[in-house]
Amino acid sequence: MSKLLHEREDFPLSLLEAEASDLHEMLGGPTLFHLRGRREPALFVSALMHGNETSGWDAVRRVLRAHVSADGFDLPRSLSLFIGNTEAAAHGVRHLPEQLDFNRVWPGSESSGRPEHELMREVMDIMAGREIFASIDIHNNTGLNPHYACVNVLEHQSLHLASLFGRTVVYFVRPRGVASMAMAALGPSVTLECGKVGQEHGVNHAEEYLQACLQLFEIPSHPVPSHDIDLYHTVAIVRVPDEHAFAFGDEHASIRFPHDLDSMNFRELPAGSLIADCTGLSEQPLDVRDEQDMHVAERFFMLDEGRLLTRVPVMPSMLTCNPEVIRQDCLCYLMERYNDHLVDAG
Ligand SMILES: [Zn+2]
């Protein structure tokens with residue numbers, strides 16, 4: 001066993017009272033629990049891949065609390081629960097400065113050779129040996145976004161699992177190394193985006209969803225009807241290069257975003273929409289990469305008399321007004337509607 005992963009088949013009831021920030025002290029690090037239920041194989045659920053995204057843990061413990069029995073838990077299906085970055089959770093951050101992002105280091109990642117990669121490889125090897133019913137990785141985000149599920153393969157069962165969470169579904173293949181992409185090799189797999197941390201609605205939604213998934217006898221393998229799903233495809237990732245200072249509203253910086261930037265999430269923006277005021281810059285400043293990691297900024301953005309505008313119609317997601325998230329992760333993703341591709345799903 002690697003130094004990083006703890007694996008256990010007991011789940012002390014005292015954990016149900018623990019906040020995400022308490023888990024590191026109680027567990028000692030990333031922990032994979034196996035809890036036996038009435039059906040096999042287990043539902044695999046991961047939470048706290050990002051230490052400050054606590055809705056997943058809060059939803060999981062509510063679900064478990066509802067199934068407490070005389071000798072542990074009476075679950076309709078076995079549950080393998082992976083609690084990820086407990087140390088970052090103790091500090092209330094996505095990941096510690098010296099750590100890699102736990103949701104970029106799963107097998108298939110573009111980086112390698114660090115203990116974080118070994119940890120996720122170990123989790124996957126264990127789950128490959130046990131088999132899974134489905135995999136659910138639970139997250140929060142910072143901007144104004146609807147709740148939505150993400151899939152990384154266009155496959156009917158994963159799309160069914162995603163549409164059970166809501167009708168908004170995002171298909172993406174970058175960034176690499178995310179849990180749902182790796183776990184898709186073992187079974188139907190989704191990432192849940194449950195809105196902002198601290199919103200009761202996000203925890204409730206994840207709790208109801210997990211309850212429903214534990215009760216499911218099987219996941220349909222026929223196509224999801226197009227009228228049941230709004231499927232979007234992430235075509236580009238937008239970042240602000242480190243050398244550019246940015247700010248919101250009227251503050252001074254070479255890139256000035258509107259203070260309500262995140263109100264554009266999941267809105268179809270026409271060509272010519274204003275993204276930022278860049279008075280003083282001679283070239284559009286954003287780093288935009290497509291699914292092949294090619295530079296495609298010129299395809300999506302243009303600078304017109306110091307105003308950064310969209311060049312083509314796009315729909316952003318995950319736009320955030322949190323500078324730290326922009327620096328640690330990205331400014332946003334750009335999406336296109338993808339329902340036409342439901343028929344191609346396998
Ligand atoms: Zn996250």
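Right above here is the structure, for reference.
Predicted model only: the values in this text are computed from it and were never measured.

Participant: Explain the overall build of the protein chain to me, please; I cannot follow it from the model alone.
Facilitator: Within the protein chain one finds nine helices and 19 strands. By the compact-globule yardstick of 20 Å for 346 residues, the protein chain fits well, its C-alpha radius of gyration being 20 Å. Over its C-alpha atoms, taken along the principal directions, the protein chain stretches across nearly 70 × 45 × 35 Å. Burial status across the protein chain gives 58% buried among its 346 residues. A fraction of 74% describes how many contacts in the protein chain between residues 6 or more apart in sequence connect residues 24 or more apart. Counting only carbon and sulfur atoms, one obtains 49% of the accessible surface of the protein chain, whose full area is about 14,800 Å². With 27 positive and 51 negative side-chain charges, the protein chain shows a separation of 2 Å between the mean positions of the two kinds.

Participant: Just checking my understanding: could you explain the coordination of the zinc ion for this structure?
Facilitator: For a metal bound by four donors in a tetrahedral arrangement, the ideal donor-metal-donor angle is 109.5 degrees, while six donors in an octahedral arrangement ideally sit at 90 or 180 degrees. Taken together, the protein ligands of the zinc ion are H50 (ND1), E53 (OE), E53 (OE) and H139 (ND1), with distances of 2.0 to 2.6 Å. Around the zinc ion, the four donor atoms are arranged such that angles at the metal cover 54 to 145°; this shape is classified as irregular. Each donor residue of the zinc ion lies on one chain, and together they are spaced H-x2-E-x85-H. Here E53, found in the loop between β3 (42-47) and α2 (55-65), pairs with H139, found in strand β7 (residues 132-139); they are 86 residues apart in sequence, far enough to count as distant. Its relative accessible area of 8% is what places E53 among the buried residues.

Participant: I tried to follow helix α5 (residues 156-163) on my own but got confused; where do I start?
Facilitator: One turn of the α-helix equals 3.6 residues, which is why residues spaced by three or four share an orientation. With respect to burial, α5 is a largely interior element, six of its eight residues being buried. Those residues of α5 not exposed but buried are H156, S158, L159, H160, L161 and A162.

Participant: Quick question: what am I supposed to make of the packing of aromatic side chains here?
Facilitator: The relation between two aromatic rings is expressed through the spacing of the ring centres and the mutual angle of the planes. According to the stated counting rule, one finds 10 aromatic pairs in the structure shown. Note on Y232 and F266: the rings are 6.0 Å apart at their centroids and 80° apart in plane angle, and the pair reads as edge-to-face. Of this pair, Y232 sits in strand β11 (residues 230-239) while F266 is found in the loop between β13 (255-257) and β14 (274-277), placing the two residues 34 residues apart along the sequence. On the accessibility criterion, Y232 (6% relative accessible area) is buried. On the accessibility criterion, F266 (15% relative accessible area) is buried. Directly above the ring of F133 sits R77, whose terminal nitrogen or CZ lies 3.6 Å from the centroid.

Participant: Sorry, what's going on with α2 here?
Facilitator: By the criterion of burial, α2 is predominantly enclosed, with nine of the 11 residues buried. If you check which residues of α2 are buried, you get S55, G56, W57, D58, A59, V60, R61, V63 and L64.

Participant: I keep staring at the pairing of strand β17 (residues 307-310) and nothing clicks. Help me out?
Facilitator: The two faces of the sheet receive side chains in turn, since in a regular strand these alternate between them. Of the strand pairs in this sheet, β14 and β17 are connected by three bridges, and their pairing is antiparallel. By the bridge assignment, L274 is partnered in β17 with L309. Where strand β16 (residues 301-304) and β17 come together, four bridges link them in antiparallel fashion. Bridge pairing links M302 to L309 in β17. Joining the antiparallel neighbours β16 and β17 is a turn of two residues, in which E305 adopts a positive phi near 50°.

What counts as what
Residues numbered from 1 in each chain as written. Predicted model: local features only at pLDDT ≥ 70, side-chain atom pairs only at ≥ 80, totals over all residues. Heavy atoms only, no water. Helix = DSSP H or I, 4+ residues; strand = E, 2+ residues; numbered from the N terminus. Rg over C-alpha atoms; globule rule 2.2 N^0.38 Å. Buried < 20%, exposed > 50% of the residue type's maximum accessible area, 1.4 Å probe, protein only. Contact = heavy atoms within 4.5 Å. Areas by Shrake-Rupley, 256 points an atom, 1.4 Å probe, with all protein chains shown as cover. Lys, Arg positive; Asp, Glu negative; His and termini not counted. Charge placed at Lys NZ, Arg CZ, Asp CG, Glu CD. Donors = N, O, S within 2.8 Å, 3.2 Å for Na, K, Ca; no water. Tetrahedral: all angles 85-135°; square planar, octahedral: opposite > 155°, others 65-115°. Phe/Tyr/Trp six-rings, centres within 6.5 Å; stacked < 30°, edge-to-face > 60°. Lys NZ or Arg CZ within 6 Å of the ring centre and 35° of its normal. Pairing = 2+ DSSP bridges.

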